[in-house]
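# Overview (structure and organization)
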Amino acid sequence: MKLNGKKLEGPAVETVILPREDGDLVFRCQAVLDFKEFDMIVKEPVPPTITKRGETVAVADPTDRDYKKAMEQYMLRRFNWMIFKSLEATPDLVWETVKGNDPESWLKMEDELRAAGLAQAEVGRIYVGATTANGLNEERIKEARARFFSSVRPKET
Amino acid sequence: MKLIPCASLLAMAQFDLKNAMIRLVDGTPSTPNKLDIKVGDGTVTFDETVVREYVLDRGLLSTVRNGDQAPMDVRLDLMWEFLKAHTTGATSITPEDALKRRNGAAAWVSSDSDSCAPFALDIEIWYDPQCSTDMIEQIILPDFRYESLAHDAKGGTIQCSGKCNATEATITRSAQT
């Protein structure tokens, strides 16, 4: 696929560089193109159905407390999996506790990064890098939009 | 010395279930299938029986031993307001479906680890005292199998009795969240 004559070369990649005296830490975050792998591992919760007395038709109840809790957990796991998957673009990055097929371990990603000596702000930068690569950084999109419109000159009448 | 078997009724509990919910739970690990029965009115009783053997020493009471275990008797007699099914792939499940593992509950897994034994499920009673300072009480009646069942879907009534393959209920209390 080409856009304005330029061939589009694969998913977006963001590079996060954290300075260190003994050699900078370079994390590469690549956009996750689909969530098929995630969907294979984690099932999306479905709301319970309610049947009232005297009625025969069951209706979904998305306000159910257990369902809402399950959805919160599901979305948290989905987000963490996206970060984990994005960071797979980093060469030679080996996790000790986080495993690709273990949803519980995805939630420990921040703990492992912190245990490796990264400050909270540095972990935050990695997460921002991953969300930016995945098109979820609204600030960056606004900046790009402003850059585009500032380069477009209005037509003279 | 002489052994005298004696069946004694250890405990019997009866609840006003207007503030309670009965939950039928299958044995699927981590994400079990559940059917919530919101009770409008009725009672649940469960009877725990312990057999004691009183041992006589030359005609006088001497010591006591536990006899054979006895299953817990459970009876549900209630009218429900609504049924809430936490299960995938089925739009409507009745208590009868859950107890008999049929229709929408056909894929339910027995709570009994013995796969050759008849289908069983756990009954959970969640009692909410409707007061934020009081604790929620949860009573679990494990491995229940019905022995008689009358269910009127139109009237929303269930009359069911059976036994649990357990000697006693598990009762826990937790703060409201």
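Residues numbered from 1 in each chain as written. Chains lettered and ligands numbered in written order. Predicted model: local features only at pLDDT ≥ 70, side-chain atom pairs only at ≥ 80, totals over all residues.

### Brief notes about the overall build of chain A
- Assigned secondary structure in chain A consists of six helices and six strands.
- Counting from the amino terminus, chain A carries its helices and strands in the arrangement β-β-β-β-α-β-β-α-α-α-α-α.
- In summary, chain A has a C-alpha radius of gyration of 21 Å against a globular reference of 15 Å for 157 residues, an excess of more than 25%.
- Judged by the C-alpha coordinates and their principal axes, chain A covers about 70 × 60 × 30 Å.
- Across chain A, every contact between residues at least 6 apart in sequence was considered, and the portion connecting residues at least 24 apart equals 52%. (Helix = DSSP H or I, 4+ residues; strand = E, 2+ residues; numbered from the N terminus. Rg over C-alpha atoms; globule rule 2.2 N^0.38 Å. Contact = placed C-beta atoms within 7 Å.)

### Observations concerning the interface of chain A and chain B
- Counting from both sides, the interface comprises 11 residues of chain A and, opposite them, 12 residues of chain B.
- In terms of residue count, the dominant contributor to the side of chain A that touches chain B is strand β5 (residues 49–52) of chain A (four residues).
- Broken down by class, the residue content of the side of chain A that touches chain B amounts to four nonpolar, three polar and four charged.
- Pairing of β5(A) with strand β5 (residues 72–86) of chain B, which is carried by four bridges, proceeds in the antiparallel orientation. If you follow Lys52(A) over to β5(B), its bridge partner there is Phe82(B). (Nonpolar A, V, L, I, M, F, W, Y, C, P; charged D, E, K, R; others polar. Pairing = 2+ DSSP bridges.)

### Looking at the pairing of strand β3 (residues 13–18) of chain A
All names here are of chain A.
- Direction of pairing for β3 relative to strand β4 (residues 25–30): antiparallel, over a ladder of six bridges. What sits directly across from Val16, in β4, is Phe27.
- Joining the antiparallel neighbours β3 and β4 is a turn of six residues, in which Gly23 adopts a positive phi near 120°.

### Brief notes about the nonpolar core
- Grouped together as the largest cluster of nonpolar side chains are 33 residues, with contacts concentrated most on Ile22(B), Val74(B) and Ala98(B).
- Put simply, the parts of the chain that give this core at least two residues each are β2 (20–25), β3 (34–57), β5, α1 (95–100), β6 (121–127), β7 (136–152) and β8 (157–164) of chain B.
- Of all the elements, β5(B) adds the most residues to this core, at seven residues.
- What Val74(B) contacts, discounting residues up to four positions off in sequence, is Phe46(B), Ile123(B), Leu141(B), Phe144(B), Ser161(B), Gly162(B), Lys163(B) and Cys164(B).
- Within the second largest apolar cluster, 16 residues are counted, among which are Met82(A), Ile83(A), Leu87(A) and Val98(A). (Core = buried A, V, L, I, M, F, W, Y, C linked by C-beta atoms within 7 Å. Buried ≥ 20, exposed ≤ 12 C-beta atoms within 10 Å, placed from the backbone.)

### A look at helix α6 (residues 138–151) of chain A
- Spanning 14 residues, α6(A) covers 20 Å between terminal C-alpha atoms, matching the ideal 20 Å at 1.5 Å per step.
- Across the 14 residues that make up α6(A), only a small minority, zero, are buried. (Expected span 1.5 Å × (residues − 1).)

### Notes on unusual backbone geometry
Residues and elements named next belong to chain B.
- Residue Ser30 is not a glycine yet carries a positive backbone phi of 65°.
- By the secondary structure assignment, Ser30 is in the loop between β2 and β3.
- The class of Ser30 is exposed, set by 4 C-beta atoms lying within 10 Å.
- The phi dihedral of Arg101 falls on the positive side, at around 50°, and the residue is not glycine.

### Let's talk about the confidence of the model for chain B
Residues and elements named next belong to chain B.
- Confidence along chain B averages 85 in pLDDT terms, with 90% of residues attaining 70 or more.
- Per-element confidence in chain B ranges from a low mean pLDDT of 43 for strand β1 (residues 2–14) to a high of 95 for strand β4 (residues 60–69).
- Note on the complex model: pTM 0.73, ipTM 0.73. (pLDDT = per-residue confidence, 0-100.)

### What to know about the environment of Glu48(B)
- One can find Glu48(B) in strand β3.
- Spatially, the C-alpha atoms of Glu48(B) and Ala169(B) are 8.0 Å apart, while their sequence positions differ by 121 residues.

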